[in-house]
Amino acid sequence: MLPRTARRSRARRAPRILLALAATTALLGVGVPGDPGGTPLGVTVRAQPDRVADRVGALFAGGLDGGHFCTAAVVRSDDRDVIATAAHCLENPGTTVFAPGYRDGEAPYGLWRITGVHIAPGWTDGQDPDDDIAFATVAAVDSGETRAVEDLVGGFPVAPGQSDGPTVTVVGYPRTLEVPLRCANTTRLYSATQRRIGCPDLSGGTSGSPWLVDGALAGVLGGHEGGGTVPEVSYSAVMGDQAVELYREAADEG
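To start, this report covers the structure provided alongside it. Values in this document were obtained by computation on a predicted structure and should not be read as measured data.

Conventions and cut-offs
Sequence order as written defines residue numbering, which begins from 1 separately in each chain. This being a predicted model, a pLDDT of at least 70 is required before a residue's local features are given, and a value of 80 or more before pairs of side-chain atoms are given or counted; all residues contribute to the totals for chains, interfaces and linings. To get the side-chain values, all heavy atoms of the structure are used, and hydrogens and water are removed first. In DSSP terms, a helix is any run of H or I states spanning at least four residues, a strand is any run of E spanning at least two, and both are numbered starting from the N terminus. Accessibility here uses a 1.4 Å probe with only protein chains present; expressed as a share of the type maximum, an area under 20% marks a residue as buried, one over 50% as exposed, and anything in between as partly exposed. For our purposes a nonpolar core is just a set of buried Ala, Val, Leu, Ile, Met, Phe, Trp, Tyr and Cys residues, chained together by side-chain atoms within 4.5 Å. The criterion used for residue contact is that any of the two residues' heavy atoms lie within 4.5 Å. Any two cysteine sulfur atoms within 2.5 Å of one another count as a disulfide. Two strands form a pair only when DSSP identifies at least two bridges running between them. Only the stretch in contact is used when a helix axis is fitted, and all axes are lines through C-alpha atoms; the angle between N-to-C directions ranges over 0 to 180 degrees. Salt bridge, as used here, is a side-chain nitrogen of Lys or Arg placed within 4 Å of a carboxyl oxygen of Asp or Glu. Classification of ring pairs uses Phe, Tyr and Trp, with its six-membered ring standing for Trp, and accepts pairs whose centres are within 6.5 Å; under 30 degrees between planes counts as stacked, over 60 as edge-to-face, and the remaining range as tilted. A ring is considered to have a charge above it if a Lys NZ or an Arg CZ atom is located within 6 Å of its centre and within 35 degrees of its normal.

### Observations regarding unusual backbone geometry
Logical step 1: With a phi close to 60 degrees, arginine 80 is a non-glycine residue in the positive phi region.
Logical step 2: Structurally, the position occupied by arginine 80 is in the loop between β3 (68-75) and β4 (82-85).
Logical step 3: By relative accessible area, arginine 80 is classed as partly exposed at 32%.
Logical step 4: Even without being a glycine, glutamate 225 presents a positive backbone phi close to 55 degrees.
Logical step 5: Take glutamate 225: it is sitting in the loop between β12 (216-220) and β13 (233-237).
Logical step 6: Look at glutamate 225 and you get partly exposed, because its relative accessible area is 22%.

Here it is, written out as structure tokens:
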């Protein structure tokens, strides 16, 4: 199966329809549970600029002209320089740059190059979908920037070992859009090592998108089928001991 980075949406619902659905629900006062942003569960909308969306960014090949192909997010660390994404998004770290808060061709917090990659042996040796979670350290492309990326946008805490059925918020960048999308829904275990969420329009480019539970990183879009082969259903490997160890290695680097 092709990973979420390499495929395109088979059936794309227009964002304006989704926005209209959310607005109509609110107007009618329908008691539909939603995410902290007020959107009904299972509805995908454009993510508004805020402290959550600013911590999420697009991964580009070389620079903004290279096109974005994956998503990543800043996580907390002592040196304030760590991002989380899918392992399959870091095949070419030497030419990959991260643009947190990217929107409409602009990188408001600058571009950040990859300085170190932490990927499980299970992925590097055999592309095990259960190991499709990775962490990387970054440094500013602009040599005049003295602050770390977390100083600019903050970072998500990492929360492994979530029980079955939490409500997850996903924020990510489809390749066909220049703004991030946001969707929240309840999740379930697809297997003992993979979690599943139903959210429309999370198509190619959303690999690596953070899965947030109560504002903490509990996974990234990827894993089974490279994150999913249809845009309505996405997956994440369960964040277990191996992923936690990778995070600690990245957080301790330097």
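### Quick look at the nonpolar core
Logical step 1: Residues Val75, Ile83, Phe98, Phe135 and Leu217 are the most contacted members of the largest nonpolar core, which totals 49 residues.
Logical step 2: Every residue in contact with valine 75, bar those within four places of it in the chain, is listed here: Val82, Ile83, Ala84, Phe135, Glu150, Gly155, Phe156, Val158, Leu217 and Tyr247.

### A short note on the state of the cysteines
Logical step 1: In this structure the tally under the stated criterion is two disulfides.
Logical step 2: A sulfur-sulfur distance of 2.1 Å marks the disulfide that ties cysteine 70 to cysteine 89. The S-S bond linking cysteine 70 to cysteine 89 shows a torsion near -75 degrees; that makes this disulfide left-handed. Highlighted residues: cysteine 70 in strand β3 and cysteine 89 in the loop between β4 and β5 (96-100), separated in sequence by 19 residues.
Logical step 3: Under the relative-accessibility criterion, cysteine 89 is labelled buried at 2%.
Logical step 4: Taken N- to C-terminal, the disulfide-bonded cysteines of the protein are connected 1-2, 3-4.

### Here's the deal with the sheet that holds β4
Logical step 1: Taken in spatial order, the six strands of this closed barrel run β2-β3-β4-β7-β6-β5, and their pairing is antiparallel. Along the sheet, successive strands turn relative to each other by an average axial angle of 45 degrees, direction set aside.
Logical step 2: Where strand β6 (residues 112-118) lies against strand β7 (residues 134-140), six bridges are found, and the strand directions are antiparallel. Across the sheet, the residue bridging to histidine 118 is phenylalanine 135, located in β7.

### Let's talk about the pattern of salt bridges
Logical step 1: Overall, the coordinates contain four salt bridges when judged by the stated rule.
Logical step 2: With its nearest N and O atoms 2.9 Å apart, the salt bridge here joins glutamate 145 to arginine 147.
Logical step 3: Owing to a relative accessible area of 23%, glutamate 145 belongs among the partly exposed residues under this scheme.
Logical step 4: Exposure remark for arginine 147: the relative accessible area of 46% places this residue in the partly exposed category.
Logical step 5: Salt bridges here are not isolated pairs; linked through shared partners, they connect Arg80, Glu150 and Asp151.

### Things to note about the packing of aromatic side chains
A ring pair, where both rings are aromatic, is described by two values, the distance of the centres and the angle of the planes.
Logical step 1: Applying the stated criterion to the full structure yields four aromatic pairs.
Logical step 2: Measuring from ring centre to ring centre gives 4.9 Å for phenylalanine 60 and tyrosine 102, while their planes differ by 75 degrees; the resulting arrangement is edge-to-face. Here phenylalanine 60 is found in strand β2 (residues 56-61), whereas its partner tyrosine 102 is found in the loop between β5 and β6, with 42 residues between them in sequence.
Logical step 3: The interplanar angle of 70 degrees and the centroid separation of 5.2 Å between the aromatic rings of tyrosine 190 and tyrosine 235 together place this pair among those described as edge-to-face. One end of the pair, tyrosine 190, is in the loop between β9 (181-189) and β10 (194-198); the other, tyrosine 235, is in strand β13, and 45 residues separate them in sequence.
Logical step 4: An aromatic cluster is present here, built from Phe60, Tyr102 and Tyr173 joined pairwise through their rings.
Logical step 5: Positioned above the aromatic ring of phenylalanine 156 is the side chain of arginine 55, whose terminal nitrogen or guanidinium carbon lies 5.4 Å from the ring centre.

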